[in-house]
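Overview (structure and organization)
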Amino acid sequence: MAVLTPESLGEVTRPTAPTRRRALTPGSVAAQVFMIAAVILWITPIVFALYVALRPIKETDRLGYVSLPHSLTFKNFTNAWTQSDMGRFFLNSVWITVPAVIITLVMASAVAFVVSRLSFRFNIALLILFTAGNLLPQQVIITPLYRLYLQIHLPHFISGSSGLLYDSYAGLIVINVSFQLGFCVFVLSNYMKTIPVDIDEAAVVDGATLWMRYWRITLPMCRPAMAALATLLTTWIYNDFFWAITLISTGNKRPITSALANLQGQFVSNQNMIAAAALMAAIPTLVVYVLLQKQFIAGLALGSSKG
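Everything numeric here is computed off the predicted structure, so don't read it as measured data.

A count of helical and extended segments in the chain gives 17 helices and zero strands. With 307 residues in all, the chain has 35% of them scored as buried. Taking the intrachain contacts of the chain between residues at least 6 apart in sequence as the baseline, contacts between residues at least 24 apart amount to 71%. Total accessible area computed for the chain in this model is approximately 19,100 Å², and 69% of it derives from carbon and sulfur atoms.

In structure tokens:
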């Protein structure tokens, strides 16, 4: 039979401490109000664009954009899809965005591995060189870049009918990779520095080659960072408009952003159809974010727990 002692009795009868609620401070209240206001300001244009896209153009012309609807329809979406040939431009964006994102991540991860995991004299200078490319405004080099694209010849199975780097998917892929590479190298190199050096030392002891240390050890550990960068790169490259209208002259080769511009030029008075087309154009980036949401959120806190 168990013997009751004052210590055991005290453990049994000791009341549990009440759960303390965190007191609301003026700072926390202000932060919550700010976040709620930011969410409302962020969502309002999207909701309004959806509202405009669902209204018939005749009703909008008669009652105005800020008015209660009498009827809602999906006709603007179907008309925008058929009249702008949006399917073709979606495919053009896929041919440009997917290779550009993959090439950028592969090249950036390789450079980041060299400058962060290997010790040599010029690793810092190499990192600064890649990062400095982000400081160059794109508009500054547009004239020499345009002339350069007209001088570079490519095989027809790469460039299409033009035979040049100009007016080809390859031209847009090259310029997007060039301008996004520096940012990705900077992010990935900082993330790789948080990986313990002991992992590489143990791999070297086990006989792992440099390629194995990069491909089979470092890259799998950088999955959150790679997913976050893939989401950002997809959004940036997919939504690019400047290079598309500068380096592509054939209308059928341009990405989805140029299709929206063409639709606006042809149906300038039908803003309801333009709103429907813009919402459909935003669907792929939303799908990418939903698929990579967990990794993207984890990648936003890159190394935040490191000292």
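So, next bit.
Before going further, it helps to spend a moment on unusual backbone geometry. Unlike most non-glycine residues, D167 shows phi in positive territory, near 60 degrees. In this fold, D167 is placed in the loop between helix 8 (156–159) and helix 9 (169–193).

The next thing to look at is the nonpolar core. Formed by 42 residues in total, the largest nonpolar core has its most connected members in L105, Y149, I175, L188, W243 and L247. Those elements giving two or more residues to this core turn out to be helix 5 (86–117), helix 7 (142–151), helix 9, helix 11 (210–221), helix 12 (223–238) and helix 13 (242–247). For this core, the leading source of residues is helix 9, giving 13 residues. Filtering out sequence-adjacent residues up to four positions away, L247 remains in contact with L145, Y149, Y166, D167, S168, L172 and I175.

Moving on, we come to the environment of I237. With respect to the helices and strands, the residue I237 is situated in helix 12. Separated by 144 residues in the primary sequence, I237 and S93 have C-alpha atoms spaced 8.7 Å apart. Not counting the four nearest positions on each side in its chain, I237 is found in contact with I96, T97, A100, V101, N176 and Q180.

Applying the stated rule across the entire model yields 11 aromatic pairs. Their ring planes at 10 degrees and their centres at 5.4 Å tell us that W211 and W215 sit as a pair that is stacked. Placement of both W211 and W215 in helix 11 is noted, with a separation of four residues, approximately one turn of the helix. By relative accessible area, which is 53% here, W211 ends up exposed. Ring plane angle 70 degrees and centroid distance 4.9 Å describe the contact between F242 and W243, whose orientation is recorded as edge-to-face. Counting every residue linked through ring pairs, the aromatic cluster contains F113, W211, Y214 and W215.

Taken N-terminus to C-terminus, the directions of helix 5 and helix 9 make an angle of 35 degrees; their axes are 6 Å apart at the nearest point. At the point where helix 5 passes helix 9, the crossing takes the right-handed sense. Of the residues in the contact of helix 5 with helix 9, the class split is 20 nonpolar, seven polar and two charged.

Summarising the element assignment, N272 is placed in helix 15 (residues 271–281). The exposure class assigned to N272 is buried, which follows from its relative accessible area of 0%. Of note is the side chain of N272, whose polar atom sits 2.9 Å from the backbone oxygen of R55. In contact with N272, not counting residues within four places along its chain, are V52, A53, R55, P56, I57, T60, Y65 and N76.

Averaged over the chain, the pLDDT score is 84; the fraction of residues at 70 or greater is 87%. Here residues 303–307 is modelled with pLDDT under 50, and outside its nearest four sequence neighbours on either side it reaches three contacts, counting other chains as well.

In this section: the packing of helix 10 (residues 197–205) against helix 11. Two numbers describe how helix 10 lies on helix 11: the axes approach to 11 Å, and their chain directions differ by 155 degrees. Of the possible angle classes, the one that applies to helix 10 and helix 11 is roughly antiparallel. Where helix 10 crosses over helix 11, the handedness of that crossing is right-handed. On the side of helix 10, the interface is formed by I199, D200, A203 and V204, while helix 11 contributes R213, I217, T218 and M221. Looking at side-chain class alone, the contact of helix 10 with helix 11 contains five nonpolar, one polar and two charged residues.

Among the surface-exposed residues, L91, V94, W95, V98, I102 and V106 lie close enough to one another that they form a single nonpolar patch of about 550 Å² accessible area. Tracing the backbone through its elements, the reader meets W95 in helix 5. Take W95: its relative accessible area is 48%, and that puts it in the partly exposed class.

Scoring rules and cut-offs
- Residues numbered from 1 in each chain as written.
- Predicted model: local features only at pLDDT ≥ 70, side-chain atom pairs only at ≥ 80, totals over all residues.
- Heavy atoms only, no water.
- Helix = DSSP H or I, 4+ residues; strand = E, 2+ residues; numbered from the N terminus.
- Buried < 20%, exposed > 50% of the residue type's maximum accessible area, 1.4 Å probe, protein only.
- Contact = heavy atoms within 4.5 Å.
- Areas by Shrake-Rupley, 256 points an atom, 1.4 Å probe, with all protein chains shown as cover.
- Core = buried A, V, L, I, M, F, W, Y, C linked by side-chain atoms within 4.5 Å.
- Phe/Tyr/Trp six-rings, centres within 6.5 Å; stacked < 30°, edge-to-face > 60°.
- Axes fitted to C-alpha atoms, helices over the stretch in contact; angles between N-to-C directions.
- Left-handed = near helix turned anticlockwise from the far one by under 90°.
- Nonpolar A, V, L, I, M, F, W, Y, C, P; charged D, E, K, R; others polar.
- Polar contact = N/O pair within 3.5 Å; in protein donor to acceptor, adjacent residues only side chain to side chain.
- pLDDT = per-residue confidence, 0-100.
- Parallel < 35°, antiparallel > 145°, perpendicular 65-115°, else oblique.
- Patch = residues over 30% accessible without salt bridge, like charges linked within 9 Å, V, L, I, M, F, W, Y side chains within 5 Å.
- Salt bridge = Lys/Arg side-chain N within 4 Å of Asp/Glu carboxyl O.

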